Amino acid sequence: MPQDNPFATGSSGHFPGFPGITAALTSAETSRIAARGLWAADGTVDPGAVRLGQTLAQALLGGTTDGVDGVDALLPAEVAAYVQEVRGLALPAYHRIEGAAESEGGAENVRLSAFSFRQLGPGPHPLVVVPAGWTPFGWPLFLWSYLVLAHRGYHVLAYTPRGLGIPGLPSTSSGLVDVAGPHDWADGSAVIDFAVDHFAPSVIGFMGESYGSGISQLVAAHDDRVAAVVALSTWGNLATSLYDNNTRHLAAVKALLGLTGGPVESKFDEENQRILADFQADRNLDGVVEWGLKRAPESYLPQTNEKGTPTFFSNTWHESLFAVNQTLETFNGLDVPKRLNLWIGDHAAPEGPGLIGPPAVPGEYNLPMAEAYAWLDHHLKGEHNGVEDWPEVSSQVMFTYVTEPIRDPETGEPTGENRIVVPARRETATGWSEVTHGTEVFGLTGDGGGGSDGRLVPPGGGPPAEETGWRRAFLAGVDTEATAMDAIMRTGRAEWAGNPKIYDTRKIDRRHAVAWTTEPLISPDGDEATARRVRGIPRVRLTVRSTATSASLYAHLLDVAEDDTARIISHEPLNVYGLTPEQDTTVTWKLQAAAYDIASGHRLMLVVDSKDPLYGDASVTWTQTVVGSPEDEPSFLELPLG
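Residues numbered from 1 in each chain as written. Predicted model: local features only at pLDDT ≥ 70, side-chain atom pairs only at ≥ 80, totals over all residues. Heavy atoms only, no water.

K.L.:
Even after reading the chapter, I still don't get the pairing of strand S7 (residues 155-159), so can you show me in this structure?
P.N.:
For a regular strand, the rule is simple: side chains alternate between the two faces of the sheet. Burial analysis of S7 places 5 of its 5 residues in the buried class, which makes it a mostly covered element. Every second residue of S7 is oriented toward a common face, with His-155, Leu-157 and Tyr-159 on one face and Val-156 and Ala-158 on the other, all of them buried. Bridge count between strand S6 (residues 127-131) and S7: 5 bridges; the pairing is parallel. Bridging across to S7, Val-130 finds its partner in Ala-158. Crossover connection from S6 via helix H5 (residues 143-151) to parallel S7: handedness right-handed. (Buried < 20%, exposed > 50% of the residue type's maximum accessible area, 1.4 Å probe, protein only. Helix = DSSP H or I, 4+ residues; strand = E, 2+ residues; numbered from the N terminus. Pairing = 2+ DSSP bridges. Right-handed = clockwise from strand over helix to strand, strands pointing away.)

Here you go:
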């Protein structure tokens, strides 16, 4: 097989290079890129992260630049030194790997773009396979993490899943996107076949972020050769990630469709195009759910548990693509060595900087990635590094970090943003069931109205008559200031950096929402600082009727300070269909899990409105939604406590 043909089956050949990679990165640029992380302000991949990954690839694979080794010509000195150190340990290479055939006996001629590090020292060595995330830039985006893995003694084989990428880029794989379907599982096994032939590894693990994390779980469930999994910003159930509580997560799908590298018609086959069209048009949702369940690692828990594959999950409390509750369901169903890390922020905000580049501050390290690497070291290399003693769950408590104002370097004036000087507190538990120690049920009163709020009454806090027999109405179909976030990835990234979104509760339009608030809270245990330790999954029950046949109830749970500003604890939408005007329907639904300390003197607020930019709503604009609390089914907020 000619080795200069990059499209030859399983070849390791010529690297075509990335256009425009001619100027060297500076230390200052690299630090800024790493500090920003993976996402730009508009929710797309940060151009700096793309440039850093592609420059690393060009430096490793592109030969010389004006007679100078590409590593030294394109990278800042400290990064070049690390890359040269890794090159002394492992050989980089570019591949086009033959993917799985579309059907038995058939051939689609799919070629997966791939990159590898092969350890040079005597082996055998363990191998980590890294399916790239759902972006048009493929494997180069996380090239820094491959350097780290190679430095730790691993063979590394990273690849772009089929169909993803911009035509013409060397990191683009051919074929059509299968959305973590059976073709992607089979591709994962084909990549393992290639790795066994070319690297003869001692053992094989998979590590993936986002899309790559789901593929990693699914390949492991179907292929006995996978010995450990690291799943970062992951999903357990694709169906409920996209459609839950009768509610479509429209903004998430829109964001994902914008990151494939081409139009839907050229990126997906007819079946997947039909599913995506049905989802967006709010039709055939049973078919959409069936399609999602086929691609859900949760659907294959029996296979994973039978294999006993050690599995590491990392997720965020305010995850906007793959909400945390569905990950918890899958994690709880795993009967294998397992670990769940939950962080402040949103999709890929915690681990993203560690995947794309070196620490922004020399000497620091990315803790989410450090623990992911430790998991692999223990389960693939047999290191006794403390992982064997880890509790199953580690939760970062929201906004318990200490911050200081960032000041303009020229004027010295505050910029309006903060930096973290003391990290947020983390808590551990032997399992998720141990996170919640009890619950507190607040009754909802009907004494609000005319723009005022009802009350959240703790147990024993008021006569039962105040909590039942009432109705409150609002005009549906109009959004309010009570939103889950400003935009996908944007608000959560700011949270991770020490700048959680501040809500002005006075600006929530009570014509289009109803709200209930506690009195200022104090701790029942005498804790002077913390009034309530929210730990787990809150639950809401309301009775609803509407002048239309459908209604949306979007619950937002807020921590309100003395000045009426607030931070969000949790939220969750619910769409209710089949309503009959003038008839009541009682509904109960779970909000997303949280770990949050409410300060003494703060108030807890529940806001229910009917619209949020993240979701597809069921309300008819300017119709009336009425919520109430009948005596036989009183409305409540159930708060989990730790």
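K.L.:
Explain a nonpolar patch on the surface to me, please; I cannot follow it from the model alone.
P.N.:
A cluster of nonpolar residues, Val-402, Val-421 and Val-422, forms a patch on the protein surface that exposes about 220 Å² of accessible area. Residue placement: Val-422 occurs in strand S16 (residues 414-422). Look at Val-422 and you get partly exposed, because its relative accessible area is 41%. (Patch = residues over 30% accessible without salt bridge, like charges linked within 9 Å, V, L, I, M, F, W, Y side chains within 5 Å. Areas by Shrake-Rupley, 256 points an atom, 1.4 Å probe, with all protein chains shown as cover. Salt bridge = Lys/Arg side-chain N within 4 Å of Asp/Glu carboxyl O.)

K.L.:
Can you walk me through empty space enclosed by the protein in this structure?
P.N.:
Empty space among the atoms becomes apparent when a probe as large as a water molecule is rolled across them. As enumerated under the stated definition, the model contains 6 cavities of 30 Å³ or more in all. Taken together, 14 residues line the largest cavity, and the ones lying closest to its centre are Trp-134, Val-179, Leu-238, Leu-242 and Leu-256. Of all elements in the fold, only helix H8 (238-242) and helix H9 (250-257) reach the threshold of two or more residues within the lining of the largest cavity. It is H9 that provides the largest number of residues to the lining of the largest cavity, a total of 3 residues. Classifying every residue of the lining of the largest cavity gives 13 nonpolar, 1 polar and no charged. Of the volumes computed, that of the second largest cavity is approximately 130 Å³. As for the second largest cavity, its lining consists of 18 residues, of which Glu-319, Ser-320, Ala-323, His-571 and Tyr-615 are closest to the centre. At 3 residues, strand S26 (residues 565-576) tops the list of elements feeding residues into the lining of the second largest cavity. Within the lining of the second largest cavity, the residues separate by chemical class into 11 nonpolar, 6 polar and 1 charged. (1 Å grid on protein atoms, 1.4 Å probe; cavity = no way out; pocket = protein on both sides within 12 Å on 5 of 7 lines; lining within 4 Å. Points joined across faces, edges and corners; volume = space filled by probe spheres on them. Nonpolar A, V, L, I, M, F, W, Y, C, P; charged D, E, K, R; others polar.)

K.L.:
Please clarify how the environment of Gly-287 should be interpreted in this entry.
P.N.:
Mapped onto the fold, Gly-287 is located in helix H12 (residues 285-294). Sequence spacing of Gly-287 and Ile-275 is 12 residues, and the spatial spacing of their C-alpha atoms is 7.5 Å.

K.L.:
Looking at this model, I keep getting lost on the confidence of the model for the protein chain. Mind explaining?
P.N.:
Low pLDDT marks regions whose predicted coordinates should not be analysed in detail. Looking at the protein chain, the pLDDT average stands at 93 and 95% of residues meet or exceed 70. Predicted confidence is poor over residues 1-10, with pLDDT under 50, and the contacts of this stretch with residues over four places away or in other chains come to 24 contacts. (pLDDT = per-residue confidence, 0-100. Contact = heavy atoms within 4.5 Å.)

K.L.:
What is the right way to look at H12 in this model?
P.N.:
Residues separated by three or four positions in an α-helix point in the same direction, a consequence of the helix having 3.6 residues per turn. Regarding H12, the residues found buried are Leu-285, Gly-287, Val-288, Trp-291 and Gly-292. What you see down the axis of H12 is that its buried residues fit within an arc of 155°, all on one side. Those residues of H12 that are exposed and angled more than 90 degrees off the buried face are Asp-286 and Glu-290. The elements touched by buried residues of H12 are H8, strand S10 (243-244), strand S11 (247-248) and helix H11 (270-281). (Arc of directions from axis to C-beta.)

K.L.:
I keep staring at helix H6 (residues 182-199) and nothing clicks. Help me out?
P.N.:
Between the first and last C-alpha of H6 there are 25 Å, a value that for 18 residues agrees with the 26 Å anticipated at 1.5 Å per step. Those residues of H6 that fall on the buried side of the exposure criterion are His-183, Asp-184, Trp-185, Asp-187, Gly-188, Ser-189, Ala-190, Val-191, Ile-192, Phe-194, Ala-195 and Phe-199. Following H6 by one or two positions, Ala-200 has its phi on the positive side, about 45°. (Expected span 1.5 Å × (residues − 1).)

K.L.:
It is not clear to me how the nonpolar core should be interpreted in this structure. Could you clarify?
P.N.:
The nonpolar side chains of a soluble globular protein tend to be buried with one another. One finds Phe-117, Trp-139, Tyr-146, Leu-147, Met-207, Trp-516 and Leu-604 to be the most contacted residues of the largest nonpolar core, which totals 173 residues. Looking at this core element by element, the count peaks at 8 residues for helix H2 (residues 47-61). Within the second largest apolar cluster, 11 residues are counted, among which are Ile-508, Ala-515, Leu-558 and Ile-568. (Core = buried A, V, L, I, M, F, W, Y, C linked by side-chain atoms within 4.5 Å.)

K.L.:
Before we go on, may I ask you to explain the environment of Thr-415 in this structure?
P.N.:
The topology assignment puts Thr-415 in strand S16. Separated by 10 residues in sequence, Thr-415 and Pro-405 place their C-alpha atoms 7.4 Å apart. For Thr-415, the residues in contact, after removing those within four places along its chain, are Ile-406, Arg-407 and Asp-408.

K.L.:
Even after reading the chapter, I still don't get the packing of aromatic side chains, so can you show me in this structure?
P.N.:
Any aromatic ring pair is given by two values, namely how distant the centres are and how the planes are angled relative to each other. In the structure shown here, the tally under the stated rule is 21 aromatic pairs. Lying across the ring of Trp-516, Arg-472 places its NZ or CZ 5.3 Å from the centre. (Phe/Tyr/Trp six-rings, centres within 6.5 Å; stacked < 30°, edge-to-face > 60°. Lys NZ or Arg CZ within 6 Å of the ring centre and 35° of its normal.)

K.L.:
What am I meant to see in unusual backbone geometry here?
P.N.:
The bulk of non-glycine residues show a negative phi, and the bulk of peptide bonds are trans. Backbone torsion omega between Gly-123 and Pro-124 reads 5°, so that peptide bond is classified as cis. Along the chain, the position of Pro-124 falls in the loop between strand S5 (111-119) and S6. Here Ser-233, not a glycine, exhibits a phi torsion of approximately 45°, which is positive. Within the secondary structure, Ser-233 is located in the loop between strand S9 (226-232) and H8. A positive phi is found at Asp-564, a non-glycine position, where the angle reads about 75°.

K.L.:
So what exactly am I meant to see when it comes to the environment of His-125 here?
P.N.:
Locating His-125 in the fold gives a position in the loop between S5 and S6. Other than its neighbours up to four places away in sequence, His-125 contacts Gln-119, Gly-153, His-155, Pro-201, Ser-202 and Val-203. Among the polar contacts listed, one links the side chain of His-125 to the backbone oxygen of Gly-121, at a separation of 2.9 Å. From its side chain, His-125 meets the backbone oxygen of Pro-122 in a polar contact 3.1 Å long. (Polar contact = N/O pair within 3.5 Å; in protein donor to acceptor, adjacent residues only side chain to side chain.)

K.L.:
What's the story with the packing of H2 against H5 in this structure? I'm lost.
P.N.:
Each packed pair of helices is defined by two parameters, the angle between the axes and the distance between the axes. Following both chains from N to C, one finds H2 and H5 inclined at 55°, their axes separated by 8 Å at the closest point. By the angle between their axes, H2 is oblique relative to H5. Contacts between H2 and H5 involve Gly-53, Leu-56, Ala-57 and Leu-60 from the first element and Leu-143, Trp-144 and Leu-147 from the second. Tallied by class, the residues present in the contact of H2 with H5 amount to 6 nonpolar, 1 polar and no charged. (Axes fitted to C-alpha atoms, helices over the stretch in contact; angles between N-to-C directions. Parallel < 35°, antiparallel > 145°, perpendicular 65-115°, else oblique.)

K.L.:
Is there a simple way to think about the layout of surface pockets in this case?
P.N.:
Each pocket or cavity is described by its volume, and for the second largest pocket that value is around 320 Å³. As for the second largest pocket, its lining consists of 18 residues, of which Asp-244, Asn-325, Gln-326, Glu-329 and Lys-590 are closest to the centre. Mapped onto the lining of the second largest pocket, the elements with two or more residues apiece are H8 and helix H14 (324-333). Top element by residues in the lining of the second largest pocket is H14. It accounts for 5 residues. When the residues that make up the lining of the second largest pocket are grouped by side-chain class, the tally is 4 nonpolar, 9 polar and 5 charged.

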